[in-house]
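Fold and contact review
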Amino acid sequence: MADTRTLPEFSLVRGGPFYDLERSLRLVRPPRFRTGWAALLLVLVSWLPLVLFSLLQGEGALQRLFAEFQVHAELLLSLPVMVAAEPYIDARVGEAAREFLRADLVEDKARGAYEASVARMARWRDEPTVELTLLGLTIAFALLTTMDASRSWMVEGGASQRPSLAGGWYLCVSQPLVRFLMLRWLWRGTVWCVFLWRASRIPLRLVPTHPDQAGGLGFLSIHQACFSPLVFAAAVPVAAYSFRTNAAALTETPTTYVMPQVLFAVLACVVVFAPLTFFCHQMVRAKRKSDAWFAAVAAHHSRRFEDKWFHAQGSRDEQILGAAEFSSLTDLGSSFILARKMKLFPWDKRSVIAVGLSGLAPLVMLLVFDRQFLAVVNQLRQSVG
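Residues numbered from 1 in each chain as written. Predicted model: local features only at pLDDT ≥ 70, side-chain atom pairs only at ≥ 80, totals over all residues. Heavy atoms only, no water.

1. A look at the UniProt feature "transmembrane region" (unreviewed entry) in the protein chain
Following the UniProt record, the feature "transmembrane region" (unreviewed entry) maps to residues 36-56, 129-147, 217-241, 261-280 and 351-369 here. With 95% helix and 0% strand, residues 36-56 has end C-alpha atoms that lie 29 Å from one another. End C-alpha atoms of residues 129-147 are separated by 30 Å, and the span's content is 84% helix alongside 0% strand. (UniProt positions renumbered as here; feature names shortened; annotations may be inferred. Helix = DSSP H or I, 4+ residues; strand = E, 2+ residues; numbered from the N terminus.)

2. So, the packing of helix H2 (residues 35-46) against helix H3 (residues 48-57)
The geometry of H2 relative to H3 is characterised by a closest axis approach of 4 Å and an angle of 25° between their N-to-C directions. On the basis of the axis angle, H2 is roughly parallel to H3. Along the contact surface, H2 presents Val-43, Leu-44, Val-45 and Ser-46, while H3 presents Leu-48, Pro-49 and Leu-50. Of the residues assigned to the contact of H2 with H3, the class counts are 6 nonpolar, 1 polar and no charged. (Axes fitted to C-alpha atoms, helices over the stretch in contact; angles between N-to-C directions. Parallel < 35°, antiparallel > 145°, perpendicular 65-115°, else oblique. Contact = heavy atoms within 4.5 Å. Nonpolar A, V, L, I, M, F, W, Y, C, P; charged D, E, K, R; others polar.)

3. Comments concerning the pattern of salt bridges
Where charged atoms of side chains with opposite charge meet at close range, the side chains can pair. On inspection of all chains with the given rule, the structure shows 10 salt bridges. The salt bridge partner of Glu-95 is Arg-98, with a shortest N-O separation of 3.4 Å. Here Glu-95 and its partner Arg-98 are both found in helix H6 (residues 86-102), 3 residues apart, which amounts to about one turn of the helix. The exposure class assigned to Glu-95 is partly exposed, which follows from its relative accessible area of 29%. (Salt bridge = Lys/Arg side-chain N within 4 Å of Asp/Glu carboxyl O. Buried < 20%, exposed > 50% of the residue type's maximum accessible area, 1.4 Å probe, protein only.)

4. Things to note about the environment of Trp-153
Counting through the fold element by element, Trp-153 comes out in the loop between helix H8 (128-144) and helix H9 (165-201). Here Trp-153 falls in the buried class, since its relative accessible area comes to 1%. Distance in space between the C-alpha atoms of Trp-153 and Gln-63 is 8.5 Å, their sequence separation being 90 residues. Within the structure, Trp-153 has its side chain in polar contact with the side chain of Glu-68 (distance 2.7 Å). (Polar contact = N/O pair within 3.5 Å; in protein donor to acceptor, adjacent residues only side chain to side chain.)

5. Here we look at the packing of helix H5 (residues 69-84) against helix H11 (residues 228-245)
Relative to each other, H5 and H11 sit at 180°, their axes nearing to 9 Å. Taken together, the axes of H5 and H11 lie roughly antiparallel to each other. The residues of H11 that touch H5, namely those facing Phe-69, Gln-70, Ala-73, Glu-74, Leu-77, Ser-78, Val-81 and Met-82, are Pro-229, Leu-230, Phe-232, Ala-233, Val-236, Pro-237, Ala-240, Tyr-241, Phe-243 and Arg-244.

6. Let's talk about H6
For H6, which comprises 17 residues, the first-to-last C-alpha distance of 24 Å matches the rise-based estimate of 24 Å (1.5 Å per residue) to within 8%. Taken together, the buried positions of H6 are Glu-86, Ile-89, Asp-90, Val-93, Gly-94, Ala-96, Ala-97, Glu-99, Phe-100 and Leu-101. Positive backbone phi, approximately 55°, marks Asp-104, located one or two places after H6. (Expected span 1.5 Å × (residues − 1).)

7. Digging into unusual backbone geometry
Negative phi characterises most residues that are not glycine, and trans characterises most peptide bonds. Located in the positive-phi region is Asp-104, a residue other than glycine, with phi close to 55°. Take Asp-104: it is sitting in the loop between H6 and helix H7 (111-126). Of the residues examined, Asp-104 reaches a relative accessible area of 28% and is grouped as partly exposed. Even without being glycine, Gln-213 reaches a positive phi, approximately 60°. Of note, Gln-213 is situated in the loop between H9 and helix H10 (218-224).

Listed below in structure tokens is the structure:
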């Protein structure tokens, strides 16, 4: 087992201007996170003013605001989840990076290149121009976004159709904040993908007989599932938007309502696990070598076993019970089967299911909240049947 103490700190989260701002506000105190307070502060900044401004506006604006699920889904579910998931994702990603060395997957001569990849990832994470660019894109989106007059709580009464105080705050503060956090996580995911690509270019010592049937890379799929909270956070606005724009389809044609969310869940699985394909070429090479090695060793061992116990004279007089040849033949057979079962892609069924369910969870929550879950399930069952 390799020593991981000299590995540079690996973190997707602990860097960048926004992180420095959180530290200055004492929302983050390394080495610990205080994501609960950070999430609460962002909710107070993004959601609470909408309630206060709608209350001041009167004319039923507050009731119309609370009747729209999309706003509350974005600001009370999606936004806090993106903030609260930071320490969890950071810990799992850091663990995955250390596992390459802990499991002796990186040879000593390639360790320098691996640590250089870690250092480069940290520089990308800390690059201030990236987050400033993301902030600029968020502001541009806000300026280009047109007000939806059908969302009555966002406009003032009368024929002017001007944005209300709540509508203006939502367009200029709340929605851009959610978009910025999503774009920042997208950048972090890109950094992690680049790191995995660079790690896949380093010669790895894969073990075809590893019990994970992935040559020792099975931990990658398990750790990739840590992005499930972000999939959930992105799926919440999708489900809420579909409900707001076509609520009738929820009970009248549930299949057309459910399918977009299912497609989103499938797309999320593809996006989350696609970076693992970078390691396919090394896994294919290791499996090809192991097939030839084990075929030769198994043939040699089995031939000697049969010569001794089936063809040689006097073999029947030896004690069969406790004979070492039988135990070694069994062990070799188990290793041969493991090597033959080695996957060509380091995926894990439970991890894929976790990510997929995260993409579907907002839809189930919405159906339960709207008291239509059983009705939709029955209609789907009838349509399938």
